[in-house]
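# Coordinate analysis (summary)
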Amino acid sequence: VQLQASGGGLVQAGGSLSLSCVASGRTFSTYNMAWWRQAPGKEREFVAAITWNSDTTYYADSVKGRFTISRDNSANSVYLRLNSLKPEDTAVYYCAADCYAGSFRYSDLSRVDYWGQGTQVTVSS
């Protein structure tokens, strides 16, 4: 599985961005998907996740109410809408696939099977 993320950029505080991630392969619809981010000098952290059938979404407390994750299985794509951006949201954002068919441990980095290449989001104050 290959994941290709796009949509990052430079935006002022309070602005919005939309990230996209396209997956290769015919089994995308069976994967739980997530977005993670990593700021300079910090560990990679969980941002948002969505189950394979879009039944359930999960968010880090720091982004709840501002970010929205969604997916389109017909397009092999997962999206992240970032609203009300803050300078502390500045990071490289990664899409991630969890192919495990059991319980979805969405915030467990060790459970990620595939990573995208990352897209830079920079929020200026």
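For the structure itself, look to the data block above.
Residues numbered from 1 in each chain as written. Predicted model: local features only at pLDDT ≥ 70, side-chain atom pairs only at ≥ 80, totals over all residues. Heavy atoms only, no water.

### A short note on the overall build of the chain
- Within the chain one finds zero helices and eleven strands.
- Reading the chain from its N end, one meets helices and strands in the order β-β-β-β-β-β-β-β-β-β-β.
- Here the C-alpha atoms of the chain give a radius of gyration of 13 Å, agreeing with the 14 Å that 2.2 N^0.38 yields for 125 residues.
- Considered along the principal axes of its C-alpha atoms, the chain spans approximately 40 × 25 × 25 Å.
- The long-range share in the chain, meaning contacts at least 24 apart out of those at least 6 apart in sequence, stands at 57%.
- Surface accessibility of the chain: about 6,400 Å² in total, with carbon and sulfur atoms responsible for 46%. (Helix = DSSP H or I, 4+ residues; strand = E, 2+ residues; numbered from the N terminus. Rg over C-alpha atoms; globule rule 2.2 N^0.38 Å. Contact = heavy atoms within 4.5 Å. Areas by Shrake-Rupley, 256 points an atom, 1.4 Å probe, with all protein chains shown as cover.)

### Details of the pairing of strand 11 (residues 119–124)
- Going residue by residue along strand 11, you find T119, V121 and V123 tucked away on one face and Q120, T122 and S124 left uncovered on the opposite face.
- Where strand 2 (residues 9–12) meets strand 11, four bridges bridge the pair, whose relative direction is parallel. Its bridge partner lying in strand 11, L10 is registered against T122.
- Relative to strand 11, strand 9 (residues 91–98) runs antiparallel, the two sharing three bridges. Counted as the bridge partner of Y93 is T119 from strand 11. (Buried < 20%, exposed > 50% of the residue type's maximum accessible area, 1.4 Å probe, protein only. Pairing = 2+ DSSP bridges.)

### Points about the state of the cysteines
- One pass over the full model with this rule turns up one disulfide.
- Covalent S-S linkage joins C21 and C95, the inter-sulfur distance amounting to 2.1 Å. Because the torsion about its S-S bond is 60 degrees, the bridge between C21 and C95 counts as right-handed. Residue C21 is located in strand 3 (residues 17–23), and its partner C95 is located in strand 9; the two are separated by 74 residues in the primary sequence.
- Taking the relative accessible area as the measure of exposure, C21 reaches 0% and is therefore buried.
- Here C95 falls in the buried class, since its relative accessible area comes to 0%. (Disulfide = S-S within 2.5 Å.)

### Points about the environment of C99
- Within the secondary structure, C99 is located in the loop between strand 9 and strand 10 (114–115).
- Spatially, the C-alpha atoms of C99 and Q120 are 25 Å apart, while their sequence positions differ by 21 residues.
- When near neighbours in sequence (up to four residues on either side) are disregarded, C99 contacts Y31, D113 and Y114.

### So, the packing of aromatic side chains
- Taken as a whole and assessed by the stated rule, the structure comprises seven aromatic pairs.
- Taken together, a centroid distance of 3.9 Å and an interplanar angle of 15 degrees make the contact between Y58 and Y106 stacked. Here Y58, found in strand 6 (residues 57–59), pairs with Y106, found in the loop between strand 9 and strand 10; they are 48 residues apart in sequence, far enough to count as distant.
- With a relative accessible area of 29%, Y106 lands in the partly exposed category. (Phe/Tyr/Trp six-rings, centres within 6.5 Å; stacked < 30°, edge-to-face > 60°.)

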